[in-house]
Structure formats: structure tokens, C-alpha cells
Amino acid sequence: MEVYNQPEQPNLITPQKWALYIFVAGLPFIGIIMLLVWAFGSDLNYTRRNWAKGMLLLYVVMIVLFIVFFVFLGGMAFLTGIASQNY
């Protein structure tokens, strides 16, 4: 018996492939390049594409937070150095 008007099943990603994707994304430099390829390439797997875009967004947020944190700490160290010279 054939079933008509069924939506096409998306490409499902197995847990082994997820583990491989997470491992590759965690590699320095290569991971960022692969995330860019997966996110903006002509990949038909929308799940992996959206996951890669989300990971890139998290990387950008973390870099911005690190910059703000280190600028704040650098400013505090600078002000502490100036304040200690006056005494």
C-alpha cells in the first residue's frame, strides 16, 4: 500500500556524525574553516547548516565577551598602576 502526500524525510544526522562534527569544530583553525564551509556552503543538510551558523554565532559572542573582559581588566590594571604611583 503506497502512501501519498507524505513530506520528504530530511537528511537525519546520526549520533556518530554529530560526534565527528563536534570534534572537527573543536579543532583550532580547521574547526572555524569547516564551520564556515558548513554554514555558508551549498550544503543541502539544513540541520548541519543551522548548527554551524549557531556555533559561529557563539564563537563571535565569546570573542566579544573576552575582548570586553580583557579591556576592563586592562583598564583596571592601568588605573591601579596610576593610583599606586601617586602614593
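Residues numbered from 1 in each chain as written. Predicted model: local features only at pLDDT ≥ 70, side-chain atom pairs only at ≥ 80, totals over all residues. Heavy atoms only, no water.

**Student:** What should I look at first to understand helix α2 (residues 30–40) in this one?
**Tutor:** Structurally, the α-helix is built with 3.6 residues per turn, so residues lying three or four positions apart point the same way. Those residues of α2 not exposed but buried are G31, L35, W38 and A39. The arc that holds the buried residues of α2, viewed along the axis, is 95°, so those residues lie on one side. Exposed residues lying more than 90 degrees from the buried face of α2 are I33 and F40. For α2, the elements touching its buried residues are α1 (15–26) and α3 (46–85). (Buried < 20%, exposed > 50% of the residue type's maximum accessible area, 1.4 Å probe, protein only. Helix = DSSP H or I, 4+ residues; strand = E, 2+ residues; numbered from the N terminus. Arc of directions from axis to C-beta. Contact = heavy atoms within 4.5 Å.)

**Student:** In this structure, what is going on with unusual backbone geometry? I would like to understand it.
**Tutor:** Leaving glycine out, the prevailing phi sign among residues is negative, and the prevailing peptide bond configuration is trans. For F29, which is not glycine, the phi torsion reads 65° and is therefore positive. For F29, the position within the fold is in the loop between α1 and α2. Residue F29 is classed as exposed on the basis of its relative accessible area of 68%.

**Student:** Is there a simple way to think about the environment of W18 in this case?
**Tutor:** Position of W18 among the secondary structure elements: in helix α1. Since its relative accessible area comes to 24%, W18 is described here as partly exposed. Through-space distance from the C-alpha of W18 to that of R48 is 9.0 Å; in sequence the pair is 30 residues apart. Every residue in contact with W18, bar those within four places of it in the chain, is listed here: I13, T47 and W51.

**Student:** Would you mind showing me how to read the packing of α1 against α3 here?
**Tutor:** For any two helices packed against each other, one specifies the inter-axial angle together with the distance between the axes. Look at α1 against α3: their axes get within 12 Å of each other, and the N-to-C directions meet at 30°. With respect to α3, the axis of α1 lies roughly parallel. The crossing of α1 and α3 is right-handed. On the side of α1, the interface is formed by W18, Y21, I22 and A25, while α3 contributes T47, R48, W51 and Y59. (Axes fitted to C-alpha atoms, helices over the stretch in contact; angles between N-to-C directions. Parallel < 35°, antiparallel > 145°, perpendicular 65-115°, else oblique. Left-handed = near helix turned anticlockwise from the far one by under 90°.)

**Student:** Would you take a moment to explain the nonpolar core for this structure?
**Tutor:** Soluble globular proteins tend to pack their nonpolar side chains together in the buried interior. Counting ten residues, the largest nonpolar core is built from I13, Y21, V24, A25, L35, W38, A39, W51, A52 and L56. Contributions of two or more residues to this core are made by α1, α2 and α3. In this structure W38 touches Y21, V24, D43, R48, R49, W51 and A52, once residues within four positions along its chain are discounted. (Core = buried A, V, L, I, M, F, W, Y, C linked by side-chain atoms within 4.5 Å.)

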